[in-house]
Structure formats: C-alpha cells, structure tokens
Amino acid sequence: MQRFRTVVAAVTLAVAAAASLTACGDDADEGASGAKVLKLWHYEGETSAMGVAWDKAIEVFKQEHPGVEVRFERKAFEQIQQNAGMIINSSEGPDVMEYNKGNATAGLLSKQGLLTDLTAEATKRGWDKTLSPSLQTTARYDDKGVMGSGNWYGVPNYGEYVMVYYNKDLFDSNGVKVPTTFDELTAAMDTFVAKGVTPLGTAGAEYPAGQLFYQLALARADRAFVDNYQLYKNPVDFKADPLKYGADTFAEWVKKGYVGKGTASAKAEDMGTAFIAGKTPMIVSGSWWYGRFKAEMKANWDSFLFPGNKLHAGSSGNIWVVPATSKAKDLAYDFIDITMRPEIQALIGNNGGVPVSADPSKITDPKDKKLIENFNAISSTDGLAFYPDWPVPGYYDVLVSGFQGLINQSKSPDQVLDAIAKPYDEGVAEIKRG
C-alpha cells in the first residue's frame with residue numbers, strides 16, 4: 001500500500017555498509033532435513049487483500065514444489081525500509097521479498113547491485129506483456145537507479161491509485177450530488193460550507209495533504225510534466241503551472257473552508273477514522289483504504305475519480321524483489337509468477353485490492369469491480385502519475401512541512417513552492433551526478 005514512504009538515512013548507511021559484502025551463490029538453502037528452502041518476507045496484514053492472496057500463492061507454491069520448505073516471515077514495513085541494504089546482504093535475509101518501489105528505494109538498491117536483474121525472467125514469463133507501461137515504470141531502473149527504463153529489478157502484482165471517497169448519507173442529507181467535473185466539485189463543497197460542514201478531510205502531518213496538492217496540480221498537467229518531475233527529462237519550474245496552480249488552489253481551498261485549518265497536525269489515521277465515523281463528507285486518498293472502509297463503515301459510502309483529471313496519483317503497488325544474495329532464485333521466480341496468475345489476481349480483487357491483471361467479470365462485489373475498472377481505465381490510458389514525494393530521497397518530510405504551512409496559513413503558496421523547490425533541485429542534481 002502506498003503511503004508516502006520516507007527514506008531515512010539508515011537506508012543509505014546500511015547500503016553503503018553492505019555493498020562491500022560478496023554475494024552468495026544461487027544454490028537453494030537446505031533445511032535441517034536436507035530439503036530446499038525458500039525464504040519469503042512481506043509486510044502486508046494477514047487479512048489484507050494482498051495478505052490473503054499471497055497466503056494462497058504460498059499454498060499453491062507448496063503444492064507445485066513438494067520437498068521445498070517455505071519460510072515465511074511477516075515483517076514491519078519500517079523494519080525493512082530502514083535496514084534493507086544490510087538485510088538483503090545477510091545470510092539471514094530472504095530469497096524474495098516485498099519492497100517499496102521508486103528511485104529512493106528499489107532504485108537505490110538496484111544501483112548498488114543489491115538486487116537481481118529480472119529482465120530475462122520478465123520476458124520468459126510474460127510479465128512484460130501483462131504489465132502496462134505505467135506499471136512497468138516502477139519495475140525498471142537504469143544504471144543510476146532512476147525508474148522508468150533499463151532492466152527489471154522488481155515485479156508488481158497489484159496496483160493503487162488516489163481517488164475521492166465520499167459519504168453518500170451526508171451527500172443525500174445535504175442535497176449534494178456526486179460531482180463529475182471540477183466546477184461541480186467546488187460547488188458541492190460550497191454547499192457543505194454554507195451548511196456549516198467542512199467538506200474535505202485531510203491530514204497535514206502525513207501524506208494526504210501532499211497527495212491533495214498533487215491531484216490539484218495534475219488537473220493542469222500532462223505526461224510531459226510527469227516525466228520531467230518524476231524522471232528528470234527536463235527541469236521543473238516550481239513557480240509555473242501546474243505546481244503553482246496546485247499550491248494556489250490548495251491555499252484557496254483552505255481560505256474557503258473546504259479544508260479545516262486544524263488538519264495541519266492531523267495524521268492519516270485521524271483522517272480515515274473521522275471518515276469512518278461519518279464526520280467527513282469526502283477525503284482524497286488511496287485505494288489502500290478501500291478494504292478498511294468496506295469492513296468498518298456503517299454509513300453508505302462510495303468513491304469517484306478526481307473530477308476532470310486525466311492523470312492521477314498512483315502506480316503499481318510495492319514490488320517483489322530478489323536479493324542478489326538469494327540462494328533460491330529459480331524458486332523465487334516461480335513464486336512471483338504464481339502471484340501473477342488469474343486466480344491469485346482475482347483473490348486480490350475480491351478482497352478489496354487492485355490487481356494488475358484481473359478480469360473484472362471474476363470480481364463479485366459491485367464496489368470492488370468499480371475499484372478495479374477505474375484503475376484499469378487509468379492504467380490503460382497511461383494515467384498513473386506516481387506520487388509527489390518520489391523524485392528524491394528525503395522529499396517526504398519536505399512536502400509534509402510545506403503543506404502544513406499552507407493549511408495553517410503560516411506560509412504563502414510562493415513560500416511553500418520555494419521551500420519544496422530547493423531540495424528537489426539539489427536531489428535531482430545529486431542523482432544525475434551518480
């Protein structure tokens with residue numbers, strides 16, 4: 001699930017410390033009984049869509065690989081995030097694991113030679129045909145660790161995207177119709193404000209505010225902007241549209257009462273629980289909330305794509321990677337391939353996730369089907385624009401600070417744009433220097 005994933009200094013230090021270690025051979029580990037072993041790590045919850053589907057994939061793998069012991073460990077996200085380089089160079093590390101995609105994470109480790117090149121397997125097993133160009137972006141990295149081109153170092157088997165969740169009961173009781181255009185969205189929020197209701201929940205202390213800003217910027221963006229911002233194709237002017245439009249509009253929404261000033265200190269969990277409790281008509285956030293809302297919300301609710309946008313924050317989900325030190329690479333490839341099968345993809349979809357290659361007709365719940373159909377519509381038109389914190393390491397904290405300033409009105413849009421431009425430019429320059 002993609003939240004903003006901040007990369008802490010420990011990752012870089014761990015990579016540097018581990019890079020000098022010599023990779024082990026490809027022979028599979030043997031357990032105490034002499035059986036081959038596949039060590040598998042991921043950090044998805046047991047009842048999450050991916051957790052359910054991957055448990056089934058493990059079951060299938062065992063059936064098809066008699067004599068192979070699967071040693072699965074569920075890890076905390078931060079445990080892997082902060083110590084990835086050291087972990088995958090250790091003899092205790094996994095043969096295949098879930099890892100966060102993007103330049104500052106998988107790209108960094110691929111650049112350091114810590115991940116296995118999966119290009120030949122992607123072609124052999126048809127992953128290059130299954131995944132759309134937008135989804136392949138996070139699977140491939142060049143020699144500088146920049147996503148979007150080069151060799152395959154990861155394989156996603158689920159997707160994610162940002163949408164608008166809304167409380168149907170609050171819409172109905174306040175006489176508000178579901179908006180289909182940007183103007184209708186602002187008109188709907190005006191109606192709520194006139195009735196004393198803050199229409200849009202967010203969270204300034206974590207990722208939601210930055211994603212709201214990015215959705216607003218994407219309203220005026222095209223693919224060339226995304227390539228420039230995310231892939232460094234050309235310099236980015238932070239004082240021009242679409243970024244200027246995003247910051248200006250965000251500030252205007254605060255002033256109009258669309259966003260509560262008190263949300264500057266709110267965390268994502270605060271935003272989500274307020275929506276679950278029926279206190280908030282709308283939130284702009286990702287598909288990772290979908291299963292939880294489905295399980296916990298008593299009010300009627302649904303979702304719609306951000307009105308008018310052709311580009312949306314989103315990407316593949318996190319990716320399967322095979323550490324260069326893996327002693328069971330062929331087994332790891334087999335497991336990854338099982339997670340791409342239609343029956344496993346359908347399990348993700350039927351448990352509130354977003355599979356990358358499921359047949360919507362195999363999804364039974366109408367809301368789940370809509371979730372997948374919207375994702376397929378975005379993906380098929382190259383509409384995934386990734387996330388605003390991805391371009392450079394450490395950018396998450398920069399964006400959080402900047403948009404807290406917009407929400408509490410301690411900074412002007414121009415001041416915020418200046419504050420987020422400098423770290424971006426410095427980070428891109430460092431990456432280009434290699």
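The rules behind these values
Residues numbered from 1 in each chain as written. Predicted model: local features only at pLDDT ≥ 70, side-chain atom pairs only at ≥ 80, totals over all residues. Heavy atoms only, no water. Helix = DSSP H or I, 4+ residues; strand = E, 2+ residues; numbered from the N terminus. Rg over C-alpha atoms; globule rule 2.2 N^0.38 Å. Buried < 20%, exposed > 50% of the residue type's maximum accessible area, 1.4 Å probe, protein only. Areas by Shrake-Rupley, 256 points an atom, 1.4 Å probe, with all protein chains shown as cover. Lys, Arg positive; Asp, Glu negative; His and termini not counted. Charge placed at Lys NZ, Arg CZ, Asp CG, Glu CD. Domains from an automatic or database assignment. Contact = heavy atoms within 4.5 Å. Buried area = accessible area lost by both parts, 1.4 Å probe. Salt bridge = Lys/Arg side-chain N within 4 Å of Asp/Glu carboxyl O. Polar contact = N/O pair within 3.5 Å; in protein donor to acceptor, adjacent residues only side chain to side chain. Phe/Tyr/Trp six-rings, centres within 6.5 Å; stacked < 30°, edge-to-face > 60°. Lys NZ or Arg CZ within 6 Å of the ring centre and 35° of its normal. Pairing = 2+ DSSP bridges.

1. Some details on the overall build of the chain
Then, number 1: Counting its secondary structure elements, the chain contains 19 helices and 13 strands.
Then, number 2: Here the C-alpha atoms of the chain give a radius of gyration of 22 Å, agreeing with the 22 Å that 2.2 N^0.38 yields for 434 residues.
Then, number 3: Along the first, second and third principal axes, the C-alpha set of the chain runs to 70 × 50 × 35 Å.
Then, number 4: Here the chain holds 434 residues, and 57% of them are scored as buried.
Then, number 5: Total accessible area computed for the chain in this model is approximately 16700 Å², and 49% of it derives from carbon and sulfur atoms.
Then, number 6: Averaging the positions of the 44 positive and the 53 negative side-chain charges in the chain gives two centres separated by 3 Å.

2. Remarks on the domain arrangement of the chain
Then, number 1: According to the domain assignment, the chain consists of domain 1 (37-159 + 316-380) and domain 2 (161-314 + 386-433).
Then, number 2: Using only C-alpha atoms to locate each centre, domain 1 and domain 2 end up separated by 27 Å.
Then, number 3: Domain 1 puts 20 residues into the contact, and the matching count from domain 2 is 21 residues.
Then, number 4: Summing both partners gives a buried area of about 2000 Å² for domain 1 against domain 2, and 61% of it is carried by carbon and sulfur.
Then, number 5: If you sort the residues of domain 1 by the area they bury against domain 2, M147, K367 and I378 come out on top, with a joint share of 27%.
Then, number 6: In this structure, the connection of domain 1 to domain 2 is made through 3 salt bridges.
Then, number 7: D302 is the partner of K370 in a salt bridge, and the nearest nitrogen-oxygen pair spans 3.3 Å.
Then, number 8: At the junction of domain 1 and domain 2, the tally comes to 9 residue pairs in polar contact (both at pLDDT 80 or more).
Then, number 9: Of the residues forming the side of domain 1 that touches domain 2, the biggest block, 7 residues, is contributed by helix α17 (residues 366-380).

3. Looking at the environment of G102
Then, number 1: Within the fold, G102 resides in the loop between β4 (96-99) and α4 (103-111).
Then, number 2: For the pair G102 and V164, spaced 62 residues apart in sequence, the C-alpha separation works out to 24 Å.
Then, number 3: Not counting residues within four places of it along the chain, the set of residues in contact with G102 comprises G107, Y141 and M147.

4. Topic: the packing of aromatic side chains
Then, number 1: If you walk through the whole model with that rule in mind, you get 29 aromatic pairs.
Then, number 2: Arranged with centres 6.0 Å apart and planes meeting at 25°, the rings of F182 and W253 form a pair that is stacked. Here F182, found in helix α9 (residues 182-194), pairs with W253, found in helix α12 (residues 243-255); they are 71 residues apart in sequence, far enough to count as distant.
Then, number 3: Pairing F293 with W301 gives two aromatic rings, centres 5.9 Å apart and planes at 75°, and the pair type is edge-to-face. Residues F293 and W301 agree in their burial class; the two are buried.
Then, number 4: Counting every residue linked through ring pairs, the aromatic cluster contains Y165, F275, W289, Y290, F293 and W301.
Then, number 5: Positioned above the aromatic ring of W41 is the side chain of K75, whose terminal nitrogen or guanidinium carbon lies 4.3 Å from the ring centre.
Then, number 6: When the ring centre of Y245 is taken as reference, the NZ or CZ atom of R220 above it lies at 3.9 Å.

5. So, the pattern of salt bridges
Then, number 1: Evaluated as defined, the whole model comprises 21 salt bridges.
Then, number 2: Here R341 and E64 are joined by a salt bridge, their closest N and O atoms 2.7 Å apart. With R341 in the loop between α15 (329-339) and α16 (342-350) and E64 in helix α2 (residues 49-64), this residue pair connects regions lying 277 residues apart in the sequence.
Then, number 3: Relative accessible area serves as the criterion here: at 41%, E64 is assigned to the partly exposed category.
Then, number 4: Across the pair E160 and K101 runs a salt bridge, and its minimum N-O distance is 2.9 Å. Within this pair, whereas E160 is found in strand β8 (residues 159-167), its partner K101 is found in the loop between β4 and α4, the two being separated by 59 residues in sequence.
Then, number 5: Three or more residues are tied together by salt bridges with common partners; here these are E121, R125, D334 and D337.

6. A short note on the pairing of β8
Then, number 1: For β8, the buried fraction is high: 9 of the 9 residues fall into the buried class.
Then, number 2: Here β8 shows no split at all, with G159, Y161, M163, Y165 and N167 on one side and E160, V162, V164 and Y166 on the other all buried.
Then, number 3: Alignment of β8 against strand β12 (residues 314-316), held across 3 bridges, turns out to be antiparallel. The partner of Y161 across the bridge, within β12, is G314.
Then, number 4: Bridging between β8 and strand β11 (residues 301-304) involves 4 bridges; their strand directions are antiparallel.

7. As for the environment of Y141
Then, number 1: The residue Y141 is located in strand β5 (residues 140-141) in this model.
Then, number 2: Using a relative accessible area of 1% as the deciding quantity, one classes Y141 as buried.
Then, number 3: Considered as a pair, Y141 and V68 are 73 residues apart in the sequence and their alpha carbons are 31 Å apart.
Then, number 4: Among the polar contacts made by the side chain of Y141, one reaches the main-chain carbonyl oxygen of T138 at a distance of 2.7 Å.

8. Focus on unusual backbone geometry
Then, number 1: Along the chain, D241 connects to P242 via a cis peptide bond; the corresponding omega equals 10°.
Then, number 2: Positionally, P242 belongs in the loop between α11 (223-231) and α12.
Then, number 3: The phi torsion at D382 lies on the positive side, around 55°, for a residue other than glycine.
Then, number 4: Inspection of the secondary structure puts D382 in the loop between α17 and α18 (395-407).
Then, number 5: You can call D382 partly exposed: its relative accessible area is 32%.

9. Remarks on the side chain of N157
Then, number 1: Within the secondary structure layout, N157 lies in the loop between β7 (155-156) and β8.
Then, number 2: Excluding residues within four positions of it along the chain, N157 makes contact with W54, W320, T339, M340, Q345, I348, P355 and V356.

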